[in-house]
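# Results of the structural survey
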Amino acid sequence: MAFNLSSSLLQVAHISSQPRLQPKALAAASSRRPLDHKAESPTHLRSTPSLPLRPTGRSFRCSSSSNGRGDEDQAVKEVEKRRAELAARIASGEFTAQQPGWVLALRNGLSNLGLPDEFLERLFSRWAGSGSGQRLEIPQARGSVDAVAGQAFFIPLYELFLTYGGIFRLNFGPKSFLIISDPDIAKHILKNNSRAYSKGILAEILEFVMGKGLIPADGELWRVRRRAIVPALHQKYVAAMINLFGEASFRLCEKLDAAASDGEDVEMESLFSRLTLDIIGKAVFNYEFDSLTHDNGIVEAVYVALREAEMRSTSPIPTWEIPIWKDISPRQRKVSEALKLINTTLDDLIAICKRMVEQEELRFHEEYMNEQDPSILHFLLASGDDVSSKQLRDDLMTMLIAGHETSAAVLTWTFYLLSKAPEVVAKLQDEVDSVLGDRSPTIEDMKKLKYTTRVINESLRLYPQPPVLIRRSLEDDVLGKYPIKRGEDIFISVWNLHRSPKHWVDAESFNPERWPLDGPNPNESNQNFSYLPFGGGPRKCIGDMFATFETVVATAMLIRRFNFQIALGAPPVEMTTGATIHTTKGLKMTVTAISSGAPKEDQQDEISTAAHQSQQVTG
Ligand code: HEM
């Protein structure tokens, strides 16, 4: 049965438990020097005894409007109030069920006196009975809808993390989840013992649209498909994609040019969604959605399927499972029709591509790529991938969704962050001007656009897409010091890891400078699983390089041509969740052209030349 993600997450507020982490742990980092991640490991930080009071709701303020300050202030106040209330309830121990209130008060008191967390941990777990051989209990929270309704679910999880620490159980009625915000435990689940975990609920929710595609697949099927698909994203392919990114971004620039000269504001979230849909359609199965230019049936069908996937992951009652409902609900009928259209289109594309491959004088090798059709589908068919049409369709659909909404969300939040950081924009524009000038990016430029890359790295830290990773334990295991049973549903909160004040200095501020330009590209390995923008372990994203270059190219090409500001009177920018973090009401911006740059025909010529060059260099 499909399980509902949010019915759990919407019910987080009332708390019962053995709190582990004391509030004072939380703002310690703000007074620290920037972390040297190589020298100062998360483990070291965890044992730091000085623990000032935790930050309040200011962490997640993302409202912004150049006008309507009143609206903005009101929205910010609401969020802060709700958060402060929740934080106060958690901190007071009001809902403690398994441990008497006085134990909590004593522990808080000792903690405020500066006793190290680890010492208190040992003391109180012994008190709770583990020393006498009883099973060590994971801290628990149980909830009700009212305290968290109306906000993205990962926000209350952050509040709970600040009090309950890197692992706690979230109970609601008969359901329970483990919430992980500890880098070592995340590493254990994702990498060291990854075989003991499946995609669980995620596979159930996404089955209707991704079938057994690479994201939901588990076990042997996943291994076989991953082995077949990963080679398709080889270096030469990614280099060819830079040209595709450039062309699509150029089309977006044209659209923005028109808006700028007409003095019209633009809704950037939907434009980024269209940009990345156009890119991923070409990249995965050589299909021209052309959604930036016009709407058509297939574009609409893709959005119907995507919105349904998001609705299913955030709706309290799985009505779509009721057999008759499927037939009578207009929404579900629309979903079925959309899926039918997408499947037919994919079948047609597979058939066309098969014919192309048959007619080709094929000499397949590691970096095989057809110049007319460099798509992943073409590579798979040319490689002799022995797979059913249904499985191939599932994999293509999976990549379409995985590579579309994620990149769009990264660009949306990057431009939101940039709208509030003119000094970062100035540095970005300097870099882009000196590296690219007016020409289109090539694969060689990716190494040189260092600051642009750091901006994307930092945007992914503050707005990870998706904000939680989902797993289910396939066998008994031990997480940290806690034994867990088979069948546990687990959320690894990347949001919490990326904003943990234990691991980041000034965790909430947008500061691309935290990543040295001459340092390695930050990833889960060199950040000890405190930073997981593309996951980690064997199920790490296969499109990480693709997506990084895509967002770097789009950012560079837009930022050198336009200034972006939140539009006058735009609604406050707030978060909501689907599979990725969306805005609640869009990202409405005023776009002003910086200069006309090279004439358009020249730019178009350059795009073709750049494509040719990048193929020559890497081919
Ligand atoms: C900025 C854009 C992107 C972000 C932030 C992102 C993030 C992620 C993350 C965090 C995972 C791990 C999920 C988990 O462990 O549960 C993942 C998996 C995956 N991603 Fe991406 N992704 C992006 C773009 C792409 C693109 C462009 C593609 C395809 C070309 C892609 C294809 C996949 C696939 C197929 C998986 C599943 C891998 C497996 O389970 O073996 N992603 N992605």
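Conventions we followed
Residues numbered from 1 in each chain as written. Predicted model: local features only at pLDDT ≥ 70, side-chain atom pairs only at ≥ 80, totals over all residues. Heavy atoms only, no water. UniProt positions renumbered as here; feature names shortened; annotations may be inferred. Helix = DSSP H or I, 4+ residues; strand = E, 2+ residues; numbered from the N terminus. 1 Å grid on protein atoms, 1.4 Å probe; cavity = no way out; pocket = protein on both sides within 12 Å on 5 of 7 lines; lining within 4 Å. Points joined across faces, edges and corners; volume = space filled by probe spheres on them. Nonpolar A, V, L, I, M, F, W, Y, C, P; charged D, E, K, R; others polar. Axes fitted to C-alpha atoms, helices over the stretch in contact; angles between N-to-C directions. Left-handed = near helix turned anticlockwise from the far one by under 90°. Contact = heavy atoms within 4.5 Å. Parallel < 35°, antiparallel > 145°, perpendicular 65-115°, else oblique. Pairing = 2+ DSSP bridges. Buried < 20%, exposed > 50% of the residue type's maximum accessible area, 1.4 Å probe, protein only.

The chain goes by Protein LUTEIN DEFICIENT 5, chloroplastic in an unreviewed UniProt entry, where it is assigned to Ensete ventricosum. Under the UniProt heading Cofactor (unreviewed entry), the note attached to the chain is "heme".

### Quick look at the UniProt feature "binding site: heme" (unreviewed entry) in the chain
UniProt's feature table lists "binding site: heme" (unreviewed entry) at Cys541, given in the numbering used throughout. Relative to the helices and strands, Cys541 resides in the loop between helix 20 (494–499) and helix 21 (544–559).

### Considering the layout of surface pockets
Computed from the structure, the largest pocket encloses a volume of approximately 630 Å³. What lines the largest pocket is a set of 28 residues, among which Thr453, Asn521, Met545, Thr548 and Phe549 lie closest to the centre. The set of elements that each furnish at least two residues to the lining of the largest pocket consists of helix 10 (235–262), helix 18 (443–448), helix 19 (450–462) and helix 21. The greatest single-element share of the lining of the largest pocket, amounting to 6 residues, is contributed by helix 19. Broken down by class, the residue content of the lining of the largest pocket amounts to 13 nonpolar, 8 polar and 7 charged.

### Comments concerning the packing of helix 10 against helix 11 (residues 268–285)
In contact at an axis separation of 10 Å, helix 10 and helix 11 are set at 145 degrees when each is read in the N-to-C sense. Two packed elements cross with a definite hand, and for helix 10 against helix 11 that hand is right-handed. For the pair helix 10 and helix 11, contact is made by Tyr237, Met241, Leu244, Phe245, Ala248, Ser249, Arg251, Leu252, Lys255 and Leu256 and by Met268, Leu271, Phe272, Leu275, Asp278, Ile279, Lys282, Ala283 and Val284, respectively. Tallied by class, residues from the contact of helix 10 with helix 11 come to 14 nonpolar, 1 polar and 4 charged.

### Remarks on the packing of helix 16 (residues 389–419) against helix 19
Any two packed helices are characterised by how steeply their axes cross, that is the angle between the axes, and by the distance between the axes. Following both chains from N to C, one finds helix 16 and helix 19 inclined at 100 degrees, their axes separated by 9 Å at the closest point. With respect to each other, helix 16 and helix 19 are oriented roughly perpendicular. Contacts between helix 16 and helix 19 involve Val410, Trp413, Thr414, Leu417 and Leu418 on the former and, on the latter, Val455, Ile456, Ser459, Leu460 and Leu462. Tallied by class, residues from the contact of helix 16 with helix 19 come to 8 nonpolar, 2 polar and no charged.

### Brief notes about the sheet that holds strand 6 (residues 468–473)
Spatially, 6 strands are ordered 1-2-3-9-6-4 in an open sheet, and the strand pairing comes out mixed. Strand pairing shows two members of the sheet lacking a second neighbour, strand 1 (140–142) and strand 4 (197–198), which therefore form its edges. When strand 1 meets strand 2 (residues 167–172), the two strands line up parallel, connected through 3 bridges. Of the residues in strand 2, the one forming a bridge with Arg142 is Asn171. The strands that helix 7 (residues 183–192) touches are strand 2, strand 3 (175–180), strand 4, strand 6 and strand 9 (489–493); relative to strand 9, the one it contacts most, it runs at about 125 degrees. Against the sheet, helix 8 (residues 201–210) engages strand 3, strand 6 and strand 9, with an angle of about 110 degrees to strand 6.

### Description of unusual backbone geometry
Glycine aside, the phi torsion of most residues is negative, and most peptide linkages are trans. With an omega of 0 degrees, the peptide bond running from Gln465 to Pro466 counts as cis. Considering the arrangement of structural elements, one finds Pro466 in the loop between helix 19 and strand 6. One non-glycine residue, Asn286, lies in the positive phi region at around 55 degrees. Owing to a relative accessible area of 23%, Asn286 belongs among the partly exposed residues under this scheme. In this structure, Phe529 takes a positive phi of about 65 degrees despite not being glycine. For Phe529, the position within the fold is in the loop between helix 20 and helix 21. When its relative accessible area of 2% is taken as the criterion, Phe529 is described as buried.

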